[in-house]
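# A look at the structure
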Amino acid sequence: MQLNYIMKFIYLFLTFFLFTFLSANAQQSCMTEANIKALDANWEDANLHPNPEFMETTLAPEFVWVHNHASMIDTKESTVKRAVNQKANGTSNTKSRTQSEVKVAISGNTAIVTGFTFVDRGPSPTNYHFMRTYVEKDGKCYLVGNHTMAVPIEE
């Protein structure tokens, strides 16, 4: 009888411990509005100050970047390579990148981020509308897609 009581206690304790552990891990998702906004701001910074290490670890293997009017389409490989070259040569011609009106929509393990980025490369700065897609895989958020479109200057 005593052994039966001990076994039930151990079973309940282990069940409670497992439930608590799984709940805590589920709550440590990168897929929150604050985390995604911070990750997206880091993406902008990695483009302003070429950071191939950030891009290597943050871009998903299937990453695609469709530029203005599909004038250029980048993959993870080409994006990282450009950052490596810019960092090595100190040739980034971008003076500033400023985000505004950033919005995040999260559905399951996917986040869509939209907003505007004002990019000053001189001689005339350009305002871009962007839409980026982040996906959580194994507890880490990756940038899977980026689409940027220049916003025409109103006359």
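Residues numbered from 1 in each chain as written. Predicted model: local features only at pLDDT ≥ 70, side-chain atom pairs only at ≥ 80, totals over all residues. Heavy atoms only, no water.

### Here we look at the overall build of the chain
- The helix and strand inventory of the chain stands at four helices and six strands.
- Mapped in sequence order, the helices and strands of the chain form the string α-α-α-β-β-α-β-β-β-β.
- Put simply, the chain has 155 residues, and 30% of those count as buried.
- Surface exposure of the chain reaches about 10,100 Å², of which carbon and sulfur atoms provide 61%. (Helix = DSSP H or I, 4+ residues; strand = E, 2+ residues; numbered from the N terminus. Buried < 20%, exposed > 50% of the residue type's maximum accessible area, 1.4 Å probe, protein only. Areas by Shrake-Rupley, 256 points an atom, 1.4 Å probe, with all protein chains shown as cover.)

### Topic: the state of the cysteines
- For the coordinates displayed, the defined rule picks out one disulfide.
- With its sulfur 2.0 Å from that of its partner, Cys30 forms a disulfide with Cys141. Negative torsions about the S-S bond denote left-handed disulfides, and the value of about 90 degrees found for Cys30 with Cys141 makes this one right-handed. Of this pair, Cys30 sits in the loop between helix 1 (2-26) and helix 2 (33-48) while Cys141 is found in strand 6 (residues 140-150), placing the two residues 111 residues apart along the sequence. (Disulfide = S-S within 2.5 Å.)

### What about helix 4 (residues 76-89)?
- Taking 1.5 Å per residue, 14 residues should reach 20 Å; helix 4 reaches 20 Å between its end C-alpha atoms and fits that length.
- Among the residues of helix 4, those classed as buried are Lys76, Thr79, Val80 and Ala83. Buried residues along helix 4 cover an arc of 95 degrees about the axis, so they all sit on one side. Residues of helix 4 that are exposed and point more than 90 degrees away from the buried face comprise Glu77, Lys81, Ala88 and Asn89.
- Where helix 4 is buried, its residues contact helix 2, helix 3 (52-58), strand 1 (59-66) and strand 2 (73-75).
- Of the residues that open helix 4, the one with a side-chain oxygen 3.3 Å from the backbone nitrogen of Glu77 is Thr75.
- Downstream of helix 4 by a residue or two, Gly90 has a phi angle that is positive, lying close to 60 degrees. (Expected span 1.5 Å × (residues − 1). Arc of directions from axis to C-beta. Contact = heavy atoms within 4.5 Å. Polar contact = N/O pair within 3.5 Å; in protein donor to acceptor, adjacent residues only side chain to side chain.)

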